[in-house]
Amino acid sequence: NAGVMQNPRHLVRRRGQEARLRCSPMKGHSHVYWYRQLPEEGLKFMVYLQKENIIDESGMPKERFSAEFPKEGPSILRIQQVVRGDSAAYFCASSLGSYTDTQYFGPGTRLTVL
Amino acid sequence: EDKVVQSPLSLVVHEGDTVTLNCSYEVTNFRSLLWYKQEKKAPTFLFMLTSSGIEKKSGRLSSILDKKELFSILNITATQTGDSAIYLCAGIPSNTGKLIFGQGTTLQVKP
């Protein structure tokens, strides 16, 4: 059973460009969570999505960041007009059912903004 | 504000030693606490603890939760170099999928 898949694993962008990060949950999982790990900091929650719905986006910056989890296809975390402070590791996790279930993490996407 | 604090932040031991990692939490409407092991990539799930006083065990790793004192410990016995990693503790409130992580404990096991 394949785990949570994320791509790309590494992404380099120049300031002002857009970054798109993809996450395919484990088979059968319909709940997806995004976390960000800044250098020398712990993992911070960003957003929680179910298919076609955003459940909790309380950790998402108000501007430039958006997330979706369409009916078909992977979840996408989109960062517009990236700045150097966006450089971080972005992890996706998925769970089988409701938020009471264990979250399993993907390998992360390391975003570097030049 | 909800927070999770881990100690120590880093630890160096020799193979065969036993280590205890600490995690204290202040989480509104606390439901469960999770432990993960993070090597170079994905945090790997270790334990989910919901009930107080019940030890969970997996091989050389064990963990227990104290909901009265608001802390958990992760024990690793007979450590091996492969145990070297960052160990993450996270609290999860009720009615939310938001994991609240501590800073992590970096464990280095020397041969």
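Scroll up for the structure.
Residues numbered from 1 in each chain as written. Chains lettered and ligands numbered in written order. Predicted model: local features only at pLDDT ≥ 70, side-chain atom pairs only at ≥ 80, totals over all residues. Heavy atoms only, no water.

Participant: Mind showing me how you'd approach the overall build of chain B here?
Facilitator: Scanning chain B from terminus to terminus reveals zero helices and eleven strands. Ordered by position from N to C terminus, the α and β elements of chain B give β-β-β-β-β-β-β-β-β-β-β. Since a compact globule built from 111 residues should have a radius of gyration of about 13 Å, the 13 Å found for chain B is in line with a globular shape. In chain B, which comprises 111 residues, the proportion classed as buried is 46%. For chain B, the proportion of contacts with a sequence separation of at least 24, taken over those separated by at least 6, is 55%. Looking at chain B as shown, the accessible area adds up to about 5400 Å², and 50% of this sits on carbon and sulfur atoms. Taking the 12 positively charged and 10 negatively charged side chains of chain B as two groups, their mean positions are separated by 5 Å. (Helix = DSSP H or I, 4+ residues; strand = E, 2+ residues; numbered from the N terminus. Rg over C-alpha atoms; globule rule 2.2 N^0.38 Å. Buried < 20%, exposed > 50% of the residue type's maximum accessible area, 1.4 Å probe, protein only. Contact = heavy atoms within 4.5 Å. Areas by Shrake-Rupley, 256 points an atom, 1.4 Å probe, with all protein chains shown as cover. Lys, Arg positive; Asp, Glu negative; His and termini not counted. Charge placed at Lys NZ, Arg CZ, Asp CG, Glu CD.)

Participant: What is the right way to read the interface of chain B and chain A from this model?
Facilitator: A common way to state how big an interface is: give the accessible area lost once the parts meet. Taken together, the 19 residues of chain B in the interface contact 21 residues of chain A. Summed over both partners, the interface of chain B with chain A comes to about 1600 Å²; 58% of that surface belongs to carbon and sulfur atoms. Contact with chain A buries area across many residues of chain B, yet G97, K98 and F101 of chain B alone supply 27% of it, more than any other trio. Across the contact surface, chain B and chain A share zero salt bridges. Linking chain B with chain A are five residue pairs in polar contact (both at pLDDT 80 or more), by the criterion used here. (Buried area = accessible area lost by both parts, 1.4 Å probe. Salt bridge = Lys/Arg side-chain N within 4 Å of Asp/Glu carboxyl O. Polar contact = N/O pair within 3.5 Å; in protein donor to acceptor, adjacent residues only side chain to side chain.)

Participant: Even after reading the chapter, I still don't get the sheet that holds strand β7 (residues 61-66) of chain B, so can you show me in this structure?
Facilitator: Backbone-to-backbone hydrogen bonds join strands into a sheet, with any given pair of strands oriented parallel or antiparallel. All names here are of chain B. Spatially, five strands are ordered β1-β3-β8-β7-β6 in an open sheet, and the strand pairing comes out antiparallel. Of all the strands in the sheet, the pair left with one neighbour each is β1 (3-7) and β6 (56-58). Taken over all neighbouring pairs, the strand axes of this sheet differ in orientation by 15° on average, direction set aside. By the bridge criterion, three bridges tie β6 to β7 in an arrangement that is antiparallel. Within β7, the residue paired with S58 across the bridge is L61. (Pairing = 2+ DSSP bridges. Axes fitted to C-alpha atoms, helices over the stretch in contact; angles between N-to-C directions.)

Participant: Looking at this model, I keep getting lost on the layout of surface pockets. Mind explaining?
Facilitator: To locate leftover empty space, one rolls a probe as large as a water molecule over the atoms. Its boundaries defined by the atoms lining it, the largest pocket holds a volume of some 420 Å³. If you go around the largest pocket, you meet 16 residues; those closest to its centre are Q37, E40 and E41 of chain A together with Q38 and I86 of chain B. Its residues placed into classes, the lining of the largest pocket shows five nonpolar, six polar and five charged. Taken as a whole, the second largest pocket encloses approximately 300 Å³ of empty space. What lines the second largest pocket is a set of 16 residues, and nearest its centre among them are K44 of chain A together with E1, D2, I100 and F101 of chain B. Of all the secondary structure elements, the ones that give two or more residues to the lining of the second largest pocket are β5 (43-50) of chain A together with β1 and β10 (100-101) of chain B. Per-element tally for the lining of the second largest pocket: the top contributor is β5 of chain A, with three residues. Partitioning the lining of the second largest pocket into residue classes produces six nonpolar, five polar and five charged. (1 Å grid on protein atoms, 1.4 Å probe; cavity = no way out; pocket = protein on both sides within 12 Å on 5 of 7 lines; lining within 4 Å. Points joined across faces, edges and corners; volume = space filled by probe spheres on them. Nonpolar A, V, L, I, M, F, W, Y, C, P; charged D, E, K, R; others polar.)

Participant: What exactly am I supposed to notice about the pattern of salt bridges here?
Facilitator: A side chain with one charge may pair with a side chain of the opposite charge, provided their charged atoms come close. Residue and element names in this part refer to chain A. Counted under the stated rule, the structure contains four salt bridges over all chains. Across the salt bridge formed by E18 and R20, the nearest N and O atoms sit 2.8 Å from each other. For E18, a relative accessible area of 28% puts it in the partly exposed group. Connected through shared salt-bridge partners, E18, R20 and R78 make up one network.

Participant: Would you take a moment to explain the pairing of strand β11 (residues 105-110) of chain B for this structure?
Facilitator: Looking along a regular strand, one sees side chains alternate from face to face of the sheet. Residues and elements named next belong to chain B. Here β11 shows one buried face, formed by T105, L107 and V109, and one open face, formed by T106, Q108 and K110. In the sheet, strand β2 (residues 10-14) pairs with β11 via five bridges, with the strands oriented parallel. Across the sheet, residue H14 finds its bridge partner in β11, namely K110. Relative to β11, strand β9 (residues 85-93) runs antiparallel, the two sharing three bridges. Considered in β11, the bridge of Y87 is made with T105.

Participant: Any chance you could explain the side chain of D86 of chain A here in plain terms?
Facilitator: Residue and element names in this part refer to chain A. Within the secondary structure, D86 sits in the loop between β8 (75-79) and β9 (88-95). Residue D86 is classed as buried on the basis of its relative accessible area, which comes to 3%. Discounting residues that sit within four places of it in the chain, D86 has contacts with R36, R64, F65, I79, L111 and V113.

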